[in-house]
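The lines below spell out each chain.
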Amino acid sequence: MKLHEYQSKRIFAANGIPIPNGEVATSAVEARDIARKLGGPVVIKSQVLVGGRGKAGGIKLAKDPAEAERLADQILGMEIKGLTVDKVLVDEAANIKNEIYLGIVIDRALQKPVIIASAEGGIEIEEVARTNPKAIKRLPIDPLFGLMDYHARNLAYDLGLRRDLVGQFITILKGLYRVFMNSDASLAEINPLIITGDERLVAVDGKIVLDDNALFRHPDLAELRDSQEESESERRARLAGLSFVKLDGEIGCMVNGAGLAMATMDIVKFYGGEPANFLDIGGGAKSDKVAAALRIILSDPAVKSILFNIFGGITRCDEVARGILEALKEVPTQVPMVARLVGTNEEEGHQILAEANFPSAASLSEAAKKAVELAKGA
Amino acid sequence: MSILVGKDTRLLIQGITGREGAFHTQQMIEYGTNIVGGVTPGKGGEWVHGVPVFDTVKEAVEVTEANTTIIYVPARFAADAIMEAADSGIKLIVCISEGLPVLDMIRVQSFLARTDTRLIGPNCPGLITPGEAKVGIMPGHIHKPGNVGLVSRSGTLTYEVVQALTDKGIGQSTAVGIGGDPIIGSTFIDILQLFEGDPLTDQVVLIGEIGGTDEQRAAQFIAEKMSKPVTVFIAGRTAPPGKRMGHAGAIIEGGEGTAEEKTKAFEAVGVKVARQPAEVADLVAKLM
């Protein structure tokens, strides 16, 4: 789950990281009032959960409250990469002398949090990684001992910070590490961390991505979820305990297991079709879950055929067969379907489908071929 | 016994009184696995399918001399269960639980690095040495004893490949599901190393998927350290970048971890990569 810039920066501030003065506005008039209160030039920043806001025209500098109102009016309601802007952050404009990148992620290979820093801040770290990989410092931290002062001090000198900024840098990095660990983040990032003309370090932009699996111990953070982060069908799938990703094709897929679901999509493509979705019903799904999954697939008007691929282990084929038929009673449809059920209780499953004249296939490749033909014929 | 589990396995079930735990206890007993005890705090003294239940792993190990444990507890308690087992002297821990917080696993791995306990999983189907012991949730009947080792990040996709092998009359030495999470106890390399040293394994099948760089490192390991042939399948060729495909590990991050990159890494060191799960069996048959 991603947090907005303004949410991330509030969490940073609560952990001792300096941020610019600023407030969130949902109307142009509000933006003007905030600008008046702050005094001096301000930055109007769209709050949407995608990168590249600046390039899309979603971040603008305003020299006075009147201009702040005019620009906020332009930005509010704007669409950026499919998301509508309904909030802007109005921040004091900073006097930037230098920009630094500072982030924390999990290094999968080392199985540790790793601090990533670069003296080339202000641009995406992926871009720096491509163009100047040597500019990126990486510092793995042992989670049982945590971040020590000397780690932060060494990094400050590596980045070439002036000696009188090192103390501020240690406070900021320790604050960021605390945010990362205490909120179960998978990413905590300040970009840029600026050095101002009067030699202060300030976190001008920031981002936090939270580990969905850990939200149970952070009910306060879970409430910050932006409904725009997921589509309506993805939201319904999440609430039903299904793992679903909408894709652009025409063949709906329902599979048990993530790896098998991906392999099923690959085979559909191999036979010349395009999958309409990734959908894993998980292990041990009962018929109500299958029905929920089918309704989500059918809500996509682009779907021209549906492929069921179930390898029963914990999941029982007869439960799945019953779920398919139950869902079809509730949601009648003309979309043709084919099912391939093997494993636990496959004979009962086949019998249930055969009695309902539901087409089935013996192997995955046969089922995929059939689904592609059905989609083309439709 | 081939690798990790077999006739010598003395298995403990953590979370034995839960719905999943109790169901799979019965399934594993039917397969012939030697289950010596179960643990559920607060339920010590009860019996589940003829298996005695203890309050703590420590007590269960003292009484039953268990050497392996399988964990079915809810994700939020799983890190605690893993560390409790390691602290009680268990040498092999299999964690089925799905949805562990990443930072919990980071702490678990730091803890286990200071012990000689091996962890398989979490978020995995477990492992099976056909005809000897099933320590997991896979359908036992699709397996057949033989000399092909399997290691996989996925559950049902592994069943698909096992079925294809068995249909061709090709048996398996041990099939290990290492799990689909970004942080796991045993990696491809750990298991490949065991298969390389196992006299009952002649060749290995590796089933990977998009996300991370574990497969690329496995390719390097195969090139440098393995004499036995390996056949590979990678799921997720058609997955779009930036989207999490069910498994927390299955997300392509910034050009790192596509199926194409992984396929190339294997092909560059002479390892054959099947285009479909069923094709794995054809490639394996040619190597026999």
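Calculation notes
- Residues numbered from 1 in each chain as written.
- Chains lettered and ligands numbered in written order.
- Predicted model: local features only at pLDDT ≥ 70, side-chain atom pairs only at ≥ 80, totals over all residues.
- Helix = DSSP H or I, 4+ residues; strand = E, 2+ residues; numbered from the N terminus.
- Buried ≥ 20, exposed ≤ 12 C-beta atoms within 10 Å, placed from the backbone.
- Contact = placed C-beta atoms within 7 Å.
- Pairing = 2+ DSSP bridges.
- Axes fitted to C-alpha atoms, helices over the stretch in contact; angles between N-to-C directions.
- Parallel < 35°, antiparallel > 145°, perpendicular 65-115°, else oblique.
- Left-handed = near helix turned anticlockwise from the far one by under 90°.
- Nonpolar A, V, L, I, M, F, W, Y, C, P; charged D, E, K, R; others polar.
- Core = buried A, V, L, I, M, F, W, Y, C linked by C-beta atoms within 7 Å.
- Expected span 1.5 Å × (residues − 1).
- Domains from an automatic or database assignment.
- Arc of directions from axis to C-beta.

Asker: For this particular structure, what's the right way to read the environment of histidine 143 of chain B?
Answerer: Residues and elements named next belong to chain B. For histidine 143, the location among the structural elements is in the loop between β9 (133–136) and β10 (145–152). Accessibility expressed as a C-beta count within 10 Å gives 24 for histidine 143, which makes it buried. Spatially, the C-alpha atoms of histidine 143 and glutamine 172 are 7.0 Å apart, while their sequence positions differ by 29 residues. If sequence neighbours within four positions are ignored, histidine 143 has contacts with Ile128, Pro130, Val162, Thr166, Gln172 and Ala175.

Asker: Would you mind showing me how to read the sheet that holds strand β11 (residues 172–177) of chain B here?
Answerer: One key point about sheets: their strands pair by backbone hydrogen bonds, in either a parallel or an antiparallel sense. Taken in spatial order, the seven strands make up an open sheet running β9-β8-β11-β10-β12-β13-β14 (chain B), and their pairing is mixed. Strands with a single pairing partner mark the edges of an open sheet, and in this sheet they are β9 and β14 (272–274) of chain B. Averaged over all adjacent pairs, the angle separating strand axes in this sheet is 20 degrees, with direction ignored. Pairing analysis gives three bridges linking strand β13 (residues 230–235) of chain B to β14 of chain B, with the strands arranged parallel. Bridge assignment links valine 232 of chain B to a residue of β14 of chain B, and that residue is valine 273 of chain B. Across the sheet, helix α9 (residues 258–270) of chain A touches β12 (203–209) and β13 of chain B, and the angle it forms with β13 of chain B is around 85 degrees.

Asker: When you look at the sheet that holds strand β3 (residues 59–62) of chain A in this model, what are you seeing that I'm missing?
Answerer: All names here are of chain A. With antiparallel pairing, four strands are arranged side by side in an open sheet as β1-β6-β2-β3. Of all the strands in the sheet, just β1 (22–25) and β3 have a single pairing partner and so form its edges. Here the average twist between neighbouring strands, direction ignored, is 20 degrees. Pairing of strand β2 (residues 42–46) with β3 involves four bridges; the strand directions are antiparallel. Residue pairing for β3: lysine 45 is matched across the bridge by isoleucine 59.

Asker: I would appreciate a short explanation of the packing of helix α5 (residues 156–167) of chain B against helix α9 (residues 277–287) of chain B in the present structure.
Answerer: Each pair of packed helices can be summarised by the angle the axes make with each other and by the distance between the axes. Residues and elements named next belong to chain B. Remark: α5 packs on α9, axes separated minimally by 8 Å, with the N-to-C direction vectors making an angle of 40 degrees. The orientation of α5 relative to α9 falls into the category oblique. Taken as a pair, α5 and α9 cross one another with a handedness that is right-handed. Between α5 and α9, the contacting residues are Leu157, Glu160, Val161, Ala164 and Leu165 on the first element and Pro277, Ala278, Val280, Ala281 and Val284 on the second. Looking at the contact of α5 with α9 residue by residue, the classes come out as nine nonpolar, no polar and one charged.

Asker: I would appreciate a short explanation of the interface of chain A and chain B in the present structure.
Answerer: Often, the extent of an interface is quoted as the loss of accessible area on bringing the components together. On the chain B side, the residues contacting the 44 residues of chain A number 43 residues. For the side of chain A that touches chain B, the element with the most residues is α9 of chain A, which contributes eleven residues. Each residue belonging to the side of chain A that touches chain B can be placed in one class, and the counts come to 23 nonpolar, twelve polar and nine charged.

Asker: Help me understand the nonpolar core, please; the structure alone is not making it clear to me.
Answerer: In a soluble, globular protein the nonpolar side chains are often hidden away together inside. Of all hydrophobic cores here, the largest spans 149 residues; its most connected members are Leu279 of chain A together with Ile71 and Ile82 of chain B. The leading source of residues in this core is α9 of chain A, at eight residues. In contact with leucine 279 of chain A, other than residues within four places in its own chain, are Leu242, Phe244, Cys253, Met254, Val255, Ala261, Ala293 and Ile297 of chain A.

Asker: When you look at helix α10 (residues 287–298) of chain A in this model, what are you seeing that I'm missing?
Answerer: For an α-helix, 3.6 residues make a turn, and residues three or four places apart therefore share a direction. Residues and elements named next belong to chain A. Compared with the 16 Å implied by 1.5 Å per residue over twelve residues, the 16 Å span of α10 between its first and last C-alpha is a close match. Within the sequence span of α10, burial applies to Val290, Ala291, Ala293, Leu294, Ile296 and Ile297. The inward-facing, buried residues of α10 abut α8 (232–239), β13 (243–246), β14 (251–255), β15 (277–280), β16 (305–312) and α11 (317–330).

Asker: Mind showing me how you'd approach the domain arrangement of chain B here?
Answerer: Residue and element names in this part refer to chain B. Considered domain by domain, chain B is made up of domain 1 (11–120) and domain 2 (138–287). Between the C-alpha centres of domain 1 and domain 2 the distance comes to 26 Å. Taken together, the contact pairs ten residues of domain 1 with eight residues of domain 2. Counting only elements with at least two residues in the side of domain 1 that touches domain 2, the list comes to α4 (102–112) and β7 (118–120). Tallying contributions element by element places α4 first for the side of domain 1 that touches domain 2, with five residues. Counted by class, the side of domain 1 that touches domain 2 contains eight nonpolar, one polar and one charged residues.

Asker: Even after reading the chapter, I still don't get the domain arrangement of chain A, so can you show me in this structure?
Answerer: Considered domain by domain, chain A is made up of domain 1 (21–92), domain 2 (96–222) and domain 3 (230–377). A separation of 26 Å is found between the C-alpha centroids of domain 1 of chain A and domain 2 of chain A.

Asker: Explain the pairing of β11 of chain B here, please?
Answerer: All names here are of chain B. Within β11, six of the six residues are buried, which leaves the element mostly enclosed by the surrounding structure. Pairing of strand β8 (residues 126–129) with β11, which is carried by three bridges, proceeds in the antiparallel orientation. Opposite leucine 127, over in β11, you have valine 176 as the bridge partner. In this structure, β10 lies alongside β11, joined through five bridges in parallel fashion. When the sheet's bridge partners are listed, valine 151 is paired in β11 with valine 176.

Asker: In this structure, what is going on with helix α1 (residues 19–31) of chain B? I would like to understand it.
Answerer: Residues and elements named next belong to chain B. In this model, α1 (13 residues) spans 19 Å end to end at C-alpha, consistent with the 18 Å of a helix rising 1.5 Å per residue. Among all positions of α1, only Gly21, His24, Thr25, Met28 and Tyr31 are buried. Buried residues of α1, viewed axially, fall in a sector of 125 degrees; they line one side. Facing away from the buried side of α1 by over 90 degrees, the exposed positions are Arg19 and Glu30. On the buried face of α1, the contacting elements are β1 (11–14), β2 (35–39), β3 (47–48), β4 (51–54) and β9. Phi turns positive one or two residues past the end of α1, at glycine 32, with a value near 110 degrees.

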